[in-house]
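This is what each chain is made of:
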Amino acid sequence: MDIQTIGIVGAGQMGNGIAHVMALAGYDVLVTDVNADALNAAMSLIDKNLERQVSRDKITAVAKADAMARIKTTQDIAEVGASDLIIEAATEHEPTKHKIFAALLPHILPHTILTSNTSSISITRLASGTDRPERFMGFHFMNPVPVMQLVELIRGIATDEPTFAACKQVVDRLGKTSASAEDFPAFIVNRILMPMINEAVYTLYEGVGNVQSIDSSMRLGANHPMGPLELADFIGLDTCLAIMNVLHDGLADTKYRPCPLLTKYVEAGWLGRKSQRGFYDYRGETPVPTR
Ligand code: NAD
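Cut-off values and rules
Residues numbered from 1 in each chain as written. Predicted model: local features only at pLDDT ≥ 70, side-chain atom pairs only at ≥ 80, totals over all residues. Heavy atoms only, no water. Helix = DSSP H or I, 4+ residues; strand = E, 2+ residues; numbered from the N terminus. Rg over C-alpha atoms; globule rule 2.2 N^0.38 Å. Buried < 20%, exposed > 50% of the residue type's maximum accessible area, 1.4 Å probe, protein only. Contact = heavy atoms within 4.5 Å. Areas by Shrake-Rupley, 256 points an atom, 1.4 Å probe, with all protein chains shown as cover. Lys, Arg positive; Asp, Glu negative; His and termini not counted. Charge placed at Lys NZ, Arg CZ, Asp CG, Glu CD. Patch = residues over 30% accessible without salt bridge, like charges linked within 9 Å, V, L, I, M, F, W, Y side chains within 5 Å. Salt bridge = Lys/Arg side-chain N within 4 Å of Asp/Glu carboxyl O. Near = heavy atom within 4 Å. Polar contact = N/O pair within 3.5 Å; in protein donor to acceptor, adjacent residues only side chain to side chain. Right-handed = clockwise from strand over helix to strand, strands pointing away. Pairing = 2+ DSSP bridges. Arc of directions from axis to C-beta. Domains from an automatic or database assignment. Buried area = accessible area lost by both parts, 1.4 Å probe. Nonpolar A, V, L, I, M, F, W, Y, C, P; charged D, E, K, R; others polar.

(A) Fine view of the overall build of the chain. Looking only at helices and strands, the chain has 12 helices and 10 strands in total. Computed over its C-alpha atoms, the radius of gyration of the chain comes to 19 Å, within 12% of the 19 Å expected for a compact globule of 291 residues. Reported as C-alpha extents along the three principal axes, the dimensions of the chain are approximately 55 × 45 × 30 Å. Counting the 291 residues in the chain, one finds 47% classified as buried. Put simply, of all contacts in the chain between residues at least 6 apart along the chain, 66% involve residues at least 24 apart. By element, 55% of the accessible surface of the chain is carried by carbon and sulfur atoms, the whole surface being about 13300 Å². Across the chain, the mean location of the 26 positive side-chain charges is 4 Å away from that of the 33 negative side-chain charges.

(B) A look at the environment of Asp-233. Examined against the element boundaries, Asp-233 turns out to sit in helix 10 (residues 228-235). Each C-alpha atom, one on Asp-233 and one on Asn-143, is 12 Å from the other, the two residues being 90 residues apart in sequence. Leave out the neighbours within four places in its chain, and Asp-233 touches Leu-271, Gly-272, Arg-273, Gly-278, Phe-279, Tyr-280 and Tyr-282.

(C) Focus on a positive patch on the surface. Side chains of Lys-48, Arg-52, Arg-56 and Lys-58 sit close together on the surface and give a patch of like positive charge. Locating Arg-52 in the fold gives a position in helix 2 (residues 36-55).

(D) Local environment of the site of the ligand. The full set close to the ligand counts 25 residues, and Met-14, Asp-33, Glu-92, Lys-97 and Ser-119 are the nearest of them. At a separation of 2.6 Å, an oxygen atom of the ligand approaches a polar side-chain atom of Asp-33. Ile-235 places a main-chain nitrogen or oxygen 3.1 Å from a nitrogen atom of the ligand. Within the complex, 86% of the 840 Å² of free accessible area of the ligand lies under protein. Counting only elements with at least two residues in the shell around the ligand, the list comes to helix 1 (13-24), helix 5 (94-104) and strand 6 (136-141).

(E) Representation of the pairing of strand 2 (residues 28-32) within the structure. In terms of burial, strand 2 is a largely internal element, four of the five residues being buried. Viewed along the sheet, the connection from strand 1 (residues 5-9) through helix 1 into strand 2 turns out right-handed. The sheet contact formed by strand 2 and strand 3 (residues 71-74) spans four bridges and is parallel. If you follow Val-29 over to strand 3, its bridge partner there is Ile-71.

(F) Region of interest: helix 9 (residues 211-221). Among all positions in helix 9, only Val-211, Ile-214 and Asp-215 are buried. Down the axis of helix 9, the buried set is contained in an arc of 90 degrees. They therefore lie on one face. Structural note: helix 9 exposes Gln-212, Leu-220 and Gly-221 on the side pointing more than 90 degrees away from its buried face. Taken from the residues just after helix 9, Asn-223 is the one with a positive phi, measuring 60 degrees.

(G) The arrangement of the domain arrangement of the chain in detail. Here the chain is partitioned into domain 1 (5-182) and domain 2 (190-289). Measuring from the centre of the C-alpha atoms in domain 1 to the corresponding centre in domain 2 gives 26 Å. Buried surface at the junction of domain 1 and domain 2, both sides included, amounts to about 650 Å², of which 58% is carbon and sulfur. Where domain 1 packs against domain 2, one counts zero salt bridges. Run the count over domain 1 and domain 2 and you get one residue pair in polar contact (both at pLDDT 80 or more). Per-class residue counts for the side of domain 1 that touches domain 2 are two nonpolar, five polar and one charged.

(H) Representation of the pairing of strand 4 (residues 85-88). Side-chain alternation along strand 4 places Leu-85 and Ile-87 on one buried face and Ile-86 and Glu-88 on a second face that is also buried. Sheet topology note: the strand 1/strand 4 ladder contains four bridges and is parallel. Its bridge partner lying in strand 4, Val-9 is registered against Glu-88. Summarising the sheet, strand 4 and strand 5 (residues 113-116) pair through four bridges and their orientation is parallel. Directly across from Ile-87, in strand 5, lies its bridge partner Thr-115. Read from strand 4 through helix 5 to strand 5, the crossover connection turns out right-handed.

Below is the structure:
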């Protein structure tokens with residue numbers, strides 16, 4: 001099937017990045033969010049990020065203008081229903097995602113493919129609440145979307161081959177690489193990455209190291225481009241906690257229990273970069289460790 005139009009639900013960190021790369025690849029994009037400010041912020045961020053690509057000679061000014069012209073926003077989720085492919089990229093909260101698919105159902109076309117950018121929630125469970133589990137799958141981008149090469153494609157138990165092939169074709173057209181993952185909690189990347197981040201928070205919690213020593217140990221000692229706590233702030237501590245909870249509940253193994261210190265940061269509203277404070281305080285010129 002030939003996909004031309006993409007609907008995106010959620011205009012946060014991931015939604016705006018997905019809109020950016022889709023529009024640049026020539027797709028017509030319609031983005032919706034419950035929060036009008038998030039839609040406005042997404043459009044100005046996309047503009048800024050495309051401009052950066054122009055200034056680095058990665059794309060032309062014409063390509064930027066064409067991409068911006070292909071992105072429209074709406075607060076009415078019903079309008080998104082008429083898309084060939086819908087990517088849900090709202091908050092990592094299962095009831096919210098079920099509500100979104102329920103709201104979309106009366107408005108989607110017979111051929112519409114439904115997907116979720118969820119980092120960890122069961123695709124099969126999300127699909128089972130819709131009228132088309134065979135045309136439903138996981139479409140998992142990495143953050144930041146314009147930079148990261150990988151997209152995990154996750155088949156639910158009922159996903160059919162034409163749906164998988166159509167999504168794979170979209171990833172190819174983006175110039176990205178897809179990896180196929182089975183539908184088990186947190187799939188591949190986060191199944192491996194999140195327990196490491198959680199362990200870094202335990203290392204901090206138990207006083208084995210402070211924020212700085214933990215991050216520089218992993219940067220210099222394991223050659224990671226970012227320390228795990230810096231990375232957690234980048235991803236969002238609420239998202240990290242949500243994924244650990246999905247691993248803990250879904251695999252029923254205590255090795256996945258979220259660190260109480262991670263929970264405390266989320267309770268404080270210290271969610272990382274997006275709220276200006278997490279394991280680092282980003283309100284000044286340079287990030288300052290908070291422990
Ligand atoms: P975010 O908090 O930056 O953005 C979420 C957006 O969803 C917000 O703008 C919010 O207003 C909107 N939203 C909430 N409820 C909604 C509803 N009912 N209808 C429409 N919009 C709604 O979150 P994010 O980091 O962009 O994450 C979005 C999804 O992508 C999550 O499922 C997350 O697990 C996944 N993901 C995140 C990352 C990451 O590094 N942050 C990476 C890969 C995948």
